[in-house]
Amino acid sequence: MKDYTCSITENIRRAREERGLTQETLAELAGISHSHLSKVESGTRTIGMKTYIKILEALKVVPVLVSEADGTERSIELLLRFLCILKECPEPELQFYLDTIESMKGSLSKIALSNNDDDDKVA
């Protein structure tokens, strides 16, 4: 399994810098010590889920849990590409995409069920 620790700590640092925050300021907003945040960003200390969520909330970013349900790197790559596209969209556009995807998924599920019913009739 791929080690995602480096990309998590890199993403925290990048998000902090994009927002113009110092480590001291982010640590204060997250309710953790500057020393702890510094070690997390440098990769010398692992990060627990509670601390990770505190940091994400302080950065005002949304945590994304990536599931490796089918175990393929390709599915993870596609999901991450999709998220990169979406993160640049304004809220009305995000709502439009969400509504469209939900509608398409529902339609595809109905088509799949219909095809399974047709296969059962043939057998």
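For the structure given in this document, a descriptive report is provided here. (Residues numbered from 1 in each chain as written. Predicted model: local features only at pLDDT ≥ 70, side-chain atom pairs only at ≥ 80, totals over all residues. Heavy atoms only, no water.)

**Considering the side chain of glutamine 23**
Short version of the rule: Runs of H or I in DSSP of at least four residues are treated as helices and runs of E of at least two as strands, each being numbered from the N terminus. Residue contacts are defined here by distance: any two heavy atoms, one from each residue, within 4.5 Å place the two residues in contact.
The residue glutamine 23 is located in helix H2 (residues 23-30) in this model. Those residues within four positions of glutamine 23 in sequence are excluded, and the remaining contacts are Arg16, His34, Leu37, Ser38 and Glu41.

**Examining the packing of H2 against helix H3 (residues 34-42)**
We count it as follows: An axis is simply a line fitted to the C-alpha atoms; with a helix, the fit covers only the stretch in contact. Between two such axes, the angle follows the N-to-C directions and lies from 0 to 180 degrees. When describing relative orientation, an angle under 35 degrees is termed roughly parallel and one over 145 degrees roughly antiparallel, while 65 to 115 degrees is termed roughly perpendicular and anything else oblique. The crossing is said to be left-handed when, going from far helix to near helix, the turn is anticlockwise and less than a right angle, and right-handed when the turn is clockwise.
Packing of H2 against H3 brings their axes to within 8 Å, and their N-to-C directions diverge by 110 degrees. Considering the angle they form, H2 stands roughly perpendicular to H3. Classified by chirality, the crossing of H3 by H2 is right-handed. Residues Gln23, Glu24, Leu26 and Ala27 of H2 form the contact with H3, whose own contacting residues are His34, Leu37, Ser38 and Glu41.

**Digging into a nonpolar patch on the surface**
For clarity, the cut-off: A patch consists of residues exposed above 30% relative accessible area that lack any salt bridge, with like charges linked at up to 9 Å and nonpolar side chains (Val, Leu, Ile, Met, Phe, Trp, Tyr) linked at up to 5 Å. Note that accessible areas follow from Shrake-Rupley with a 1.4 Å probe, and for residues the cover is restricted to the protein chains shown. Basic side-chain nitrogens of Lys or Arg form a salt bridge, by our definition, when they fall within 4 Å of a carboxyl oxygen of Asp or Glu. To sort residues, take the accessible area from a 1.4 Å probe on protein chains only and compare it with the maximum for the residue type: under 20% means buried, over 50% means exposed, and anything in between is partly exposed.
A grouping of Leu79, Phe82, Phe96, Tyr97 and Ile101 is seen on the molecular surface, where their side chains present a nonpolar patch of about 430 Å² in accessible area. Those elements that provide at least two residues to the nonpolar patch are helix H5 (73-86) and helix H6 (91-122). With three residues, the single largest contributor to the nonpolar patch is H6. The partly exposed category is assigned to isoleucine 101, whose relative accessible area is 37%.

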